[in-house]
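Okay, here's what each chain looks like letter by letter:
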Amino acid sequence: MSTHNRPERVAQMIQQLLGERFARGMRDPRIGLVTITGVKMSPDLREARVYWTVHGDPEQREHTAKGLENARGFLRREIGTELKLRLTPDLRFTYDEAIDRGERIEQLLRQLHDEDKQRGG
């Protein structure tokens, strides 16, 4: 079996595990309805960049970011226990802005459509 796609396989397993963990809920009230949108592993499997998003305003996002940072050690232990990797990767949480950008584009398109309708076009 080739090793070049192992980081991708490990990333998928981590994404699934974290997704399930957040679906069950976390004790930290700062962590809301978190969705894990992707995980990118370093080639040496020492670091996992976890992309996430949350429903709510920027203040909710900030609270969630602090809660995730606080839960890093706990989540890392969970991954280590569950996946039985020789080396458990360090988790780096990064807010995924793609959804926000998509919503902004939709908003602008609706606005253009509404303005077009008002002009009779």
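Quick caveat, the model's predicted, so the values are computed rather than measured.

J.: How do you make sense of the sheet that holds strand β2 (residues 47-54) when you look at a structure like this?
T.: Across a sheet, strands are paired by hydrogen bonds formed along the backbone, either parallel or antiparallel in direction. Taken in spatial order, the three strands line up as β1-β2-β3 in an open sheet, and their pairing is mixed. Strands at the two margins of the open sheet, each flanked by one partner only, are β1 (34-41) and β3 (90-95). Going across the sheet, the axis of each strand differs from the next one's by a mean of 30 degrees, ignoring polarity. By the bridge criterion, six bridges tie β2 to β3 in an arrangement that is parallel. For Glu47, the partnering residue across the bridge sits in β3 and is Asp90. Sitting on the sheet, helix α1 (residues 6-24) is in contact with β1 and β2, with an inclination near 160 degrees to β1. The strands touched by helix α2 (residues 58-83) are β1, β2 and β3; relative to β3, the strand with the most contacts, the crossing angle is about 160 degrees.

J.: I keep staring at the environment of Glu115 and nothing clicks. Help me out?
T.: Position of Glu115 relative to the elements: it lies in helix α3 (residues 98-118). It is 31 Å that separates the C-alpha atoms of Glu115 and Glu59, two residues lying 56 residues apart in sequence.

J.: Is there a simple way to explain α2 in this structure?
T.: Working note: α-helix, 3.6 residues per turn, so residues spaced by three or four point in the same direction. Largest kink in α2: about 50 degrees, centred on Arg72. At its buried positions, α2 is contacted by α1, β1, β2 and β3.

J.: How do you make sense of unusual backbone geometry when you look at a structure like this?
T.: Most peptide bonds take the trans configuration, and most residues that are not glycine carry a negative phi. Backbone geometry at Leu45 places phi at a positive 65 degrees, although glycine is not the residue there. The residue Leu45 is located in the loop between β1 and β2 in this model. Looking at Leu45, the relative accessible area reads 13%, which means it is buried.

J.: Got a minute to help me understand the side chain of Ser42 in this structure?
T.: Here Ser42 shows up in the loop between β1 and β2. The buried category is assigned to Ser42, whose relative accessible area is 18%. In terms of polar contacts, Ser42 uses its side chain to reach the side chain of Asp44, at 2.6 Å.

Quick notes on the rules
Residues numbered from 1 in each chain as written. Predicted model: local features only at pLDDT ≥ 70, side-chain atom pairs only at ≥ 80, totals over all residues. Heavy atoms only, no water. Pairing = 2+ DSSP bridges. Helix = DSSP H or I, 4+ residues; strand = E, 2+ residues; numbered from the N terminus. Axes fitted to C-alpha atoms, helices over the stretch in contact; angles between N-to-C directions. Contact = heavy atoms within 4.5 Å. Bend = angle between axes of the 7 residues up to and from the residue. Buried < 20%, exposed > 50% of the residue type's maximum accessible area, 1.4 Å probe, protein only. Polar contact = N/O pair within 3.5 Å; in protein donor to acceptor, adjacent residues only side chain to side chain.

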